[in-house]
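Report on the structure
Listed below are the residues making up each chain.
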Amino acid sequence: MHDPALSGHAVNESELIQQVKEGDPDAFRCLVEQYMKRAYTIAYSFVNDHHGAEEIAQDAFVRIHRSIGSFRGDAEFGTWLYRIVMNLSLNHLKSSRRKRNRDAGHLSGPAALVDTGPFPVEHDETAVHIERALHQLPTLQRATVILRHMDGLSTKQVSRILRCSEGTVKTHLYRGLMKLRRKLQYLKDEAL
Amino acid sequence: MKRHAHMRRYLYEYLREELPEGERQAMREHLRSCPQCAASLEALRRTTSALDQSRQLPADSLPEAYWREFPDRVMTAVRRQERPAPPVRALVDRAVPFWLFHRRETVALAGVLVIALCAVLLWPRSEQPGVTNVPVPATAQITMEQTNERMNHYLRRSKALLVGLTNMRVPAGQPLDLDAEQHISRELVSEGRYLKRQQIDLQSARLISDLDKILIGVANVAPDRNFTEVNIIRDGISRENLLFKVRKAEARSERPGIVSVSEKR
């Protein structure tokens, strides 16, 4: 993995961004390495499939590279990136829905299966049920639960990414967690 | 009612001890007198505890090899966007005058090229029986390691799904919620297709084909017939002895080796 300290590149983000603006590919690579997992997580929390999340995360970085010159630094770089990811995710969801409506949503054989790619599942039964329950949540509740609780972002950060008020984030989080609780109701009380 | 809705928004932060002291105190007092909010707090505690026990972010579920390659894929996409269109016009502008003023030379050159191409395509190749192992270059070795890693993930997921289906309670006449199983089956079918395109041994390819029959069956279970179809699928798992085959393949894949050309499909 690229180590900015070894290569002599600045660790400070604003300097990195300046180097990217000047066309330094290593600096850009460094930014990608810093943000790629979270960009993927945000995309996945919306679209719920690997290939979609991968495509969106890659596309977001390509767009960042193309328009880095216009980044003025008035918002955090991460927030800017994640908003792009969110917009791409919502577009992806819209086009998936349109496609599903067009194809009448019925699988007629191998050719009709969606290519979603790998998302390994734990052997652990609880993890399987949690994944299943998360999958069934409404999009914004799922995104909030993953970003706020599982990824540990603050309410403020999540509200900036989702472009909603902090109160809305708290409401989505509460409702999402309560819905998860109902879906996981079959688990024994003492096991939780 | 409004107060409950307002207080509930802060229950998560209260649970995580993220509230400032004044608000924390106010919440504590509210919870003493409100069994509904107290019950909600307890429900949140249990749910977050369950999430924390099996904490796995989507990104963490992918192998490290995938993340090592990710920046390369981004850089490739960036370069593709930046590459200028080939100067076709410049080439055409240079070729046309040459053709116009050197027709004989152009025809002779074209003839030589055609003869050379035919020679390459039609030249007999000697076939050797019993192809032996071909040393694999380092880059191909890395690709095989990545394929092995993905194969292991595929086998583990398939096993979890088969075990889940085999142990599932299927009450007669009641609808089953198979959304998650169908979602996972679709992902596994796609992954199986990807793996079949890589350099894997014959046994693995056959196992993927056997699993495909079950996975496609699961993915296509109709909502109103899922009781019958799930039982048929479970019979299929048992008849094909799929769990045993998957476990055997897992044991085998723990010792990846150089794939010999003779084993290649």
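Since this is a predicted model, take the numbers as computed values, not measurements.

The residue B:Glu13 is located in helix 2 (residues 11-15) in this model. Discounting residues that sit within four places of it in the chain, B:Glu13 has contacts with A:Arg148, A:Thr155, A:Lys170, B:Glu18 and B:Leu19.

Residues and elements named next belong to chain A. Chain-level statistics for chain A give a pLDDT mean of 78 and a share of 74% at 70 or above. Every residue in residues 1-10 is under pLDDT 50, and counting partners more than four places away or in other chains gives 18 contacts. Across residues 105-123, where pLDDT falls below 50, the model places 54 contacts with residues more than four positions away in sequence or in other chains.

So, about the side chain of A:Arg142. Residue and element names in this part refer to chain A. Within the secondary structure layout, arginine 142 lies in helix 7 (residues 139-150). Despite its burial, arginine 142 remains without a salt bridge, the nearest opposite charge being carried by aspartate 49 at 9.0 Å. Within the structure, the side chain of arginine 142 is placed 2.8 Å from the backbone oxygen of serine 45, a separation counted as a polar contact. When sequence neighbours within four positions are dropped, the list of residues in contact with arginine 142 reads Ser45, Phe46, Asn48, Leu134, His135 and Leu137.

Before going further, it helps to spend a moment on the environment of B:Val230. The topology assignment puts B:Val230 in helix 11 (residues 226-239). Expressed as a C-alpha distance, the spacing of B:Val230 and B:Gly217, which sit 13 residues apart in the sequence, is 8.7 Å.

The rules behind these values
Residues numbered from 1 in each chain as written. Chains lettered and ligands numbered in written order. Predicted model: local features only at pLDDT ≥ 70, side-chain atom pairs only at ≥ 80, totals over all residues. Heavy atoms only, no water. Helix = DSSP H or I, 4+ residues; strand = E, 2+ residues; numbered from the N terminus. Contact = heavy atoms within 4.5 Å. pLDDT = per-residue confidence, 0-100. Buried < 20%, exposed > 50% of the residue type's maximum accessible area, 1.4 Å probe, protein only. Lys, Arg positive; Asp, Glu negative; His and termini not counted. Salt bridge = Lys/Arg side-chain N within 4 Å of Asp/Glu carboxyl O. Polar contact = N/O pair within 3.5 Å; in protein donor to acceptor, adjacent residues only side chain to side chain.

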